[in-house]
Amino acid sequence: MAGGGMGGVGVRGAPSRRAVLALPAAGVAAAGLVTAAGCSESRPAGTPAPPPVDLAAAQAAARAERDLLVDYDAAIARHPALAALLGGLRAHHAQHLAALATQVPALATATPDGTVTSGGSPSASAPATPSGAATAPAAGTSLPGSAGPQPGADDSPAARASALAELATSERAAADEHRAGCLAATGGLAPLLASLRAAESCHADLLSLAGSAG
């Protein structure tokens, strides 16, 4: 980027938006999210309740995904120039939540101690399905912050690079969470968590590359 800083999406050396949007096929699906975890199919009515260890692991994974959605919303609001890159990655996390809710339907209605919940809204800007999982924004829908940076926000190249580095750190933390869940879960949930870990690791690498592009 001119001046040695990091500019908007698509600057020299940074990943293109097309590359980001190709990640579900090149990264997530290749890791087995769709085929191994069955997130493309609804579970039949009357599916037995998941083992407590799977429910706990799924809830931890869902919390990690919701936290990432919040982080992405905040970064997009502060740095609209990054919306094309971050919006694509954010959509992946909405898909991850939907996959978790499909694999573990009880995720939206119960906690490990049996307390009934409503599933919660992953973020104010993400519409929720009946299961409580976020969905990707519809085509043409404006992303948070797309109208311009928040008043007083620092949208300098250095601030954008810092935001990407922070998101990369959050992605790696989520990957670690999914790895721990995968090791604890049964064979029914473990493939999905392994796929999510692979996806978050890929996101972290992409964000690091974008942040270091100059």
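Check the entry above for the structure.
Keep in mind that this is a model prediction, so the values were computed, not measured. (Residues numbered from 1 in each chain as written. Predicted model: local features only at pLDDT ≥ 70, side-chain atom pairs only at ≥ 80, totals over all residues. Heavy atoms only, no water.)

### A look at the overall build of the chain
Thought 1: Looking only at helices and strands, the chain features 6 helices and 0 strands.
Thought 2: Ordered by position from the N terminus, the helices and strands of the chain form the series α-α-α-α-α-α.
Thought 3: Taken across its 214 residues, the chain has 43% of its residues classed as buried.
Thought 4: Taking all contacts inside the chain whose residues are at least 6 apart in sequence as the whole, residues at least 24 apart take part in 81%.
Thought 5: A total of about 9600 Å² of accessible surface is found on the chain, and carbon and sulfur atoms cover 59% of it. (Helix = DSSP H or I, 4+ residues; strand = E, 2+ residues; numbered from the N terminus. Buried < 20%, exposed > 50% of the residue type's maximum accessible area, 1.4 Å probe, protein only. Contact = heavy atoms within 4.5 Å. Areas by Shrake-Rupley, 256 points an atom, 1.4 Å probe, with all protein chains shown as cover.)

### Some remarks on the packing of helix α3 (residues 52-78) against helix α6 (residues 190-212)
Thought 1: Orientation of α3 relative to α6, taken along the N-to-C sense of each, is 25 degrees, at an axis distance of 12 Å. One element, α3, and the other, α6, form an angle in the roughly parallel class. Where α3 crosses over α6, the handedness of that crossing is left-handed. Counted together, Ala57, Ala61, Glu65, Leu68 and Tyr72 of α3 and Leu193, Leu196, Glu200 and Leu207 of α6 form the full contact between these two elements.
Thought 2: In terms of residue class, the contact of α3 with α6 is built from 7 nonpolar, no polar and 2 charged. (Axes fitted to C-alpha atoms, helices over the stretch in contact; angles between N-to-C directions. Parallel < 35°, antiparallel > 145°, perpendicular 65-115°, else oblique. Left-handed = near helix turned anticlockwise from the far one by under 90°. Nonpolar A, V, L, I, M, F, W, Y, C, P; charged D, E, K, R; others polar.)

### Some thoughts on the packing of helix α4 (residues 83-103) against α6
Thought 1: For the pair α4 and α6, interaxial distance at closest approach is 11 Å and the crossing angle is 170 degrees. Between α4 and α6, the angle is such that the two are roughly antiparallel. Note on element contacts: α6 touches α4 through Leu192, Leu193, Leu196, Ala199, Glu200, His203, Leu206, Leu207 and Ala210, opposite Leu85, Leu86, Leu89, His92, His93, His96, Ala99, Leu100 and Gln103.
Thought 2: Residues belonging to the contact of α4 with α6 are distributed by class as follows: 12 nonpolar, 5 polar and 1 charged.

### Some thoughts on the side chain of Glu200
Thought 1: Looking at the element boundaries, Glu200 is found in helix α6.
Thought 2: Buried Glu200, no salt bridge; nearest opposite-charge side chain is Arg197, N-O distance 10 Å.
Thought 3: The contact partners of Glu200, leaving out residues within four places of it in the chain, are Glu65, Leu68, His93, His96, Glu171, Ala174, Ala175 and His178. (Lys, Arg positive; Asp, Glu negative; His and termini not counted. Salt bridge = Lys/Arg side-chain N within 4 Å of Asp/Glu carboxyl O.)

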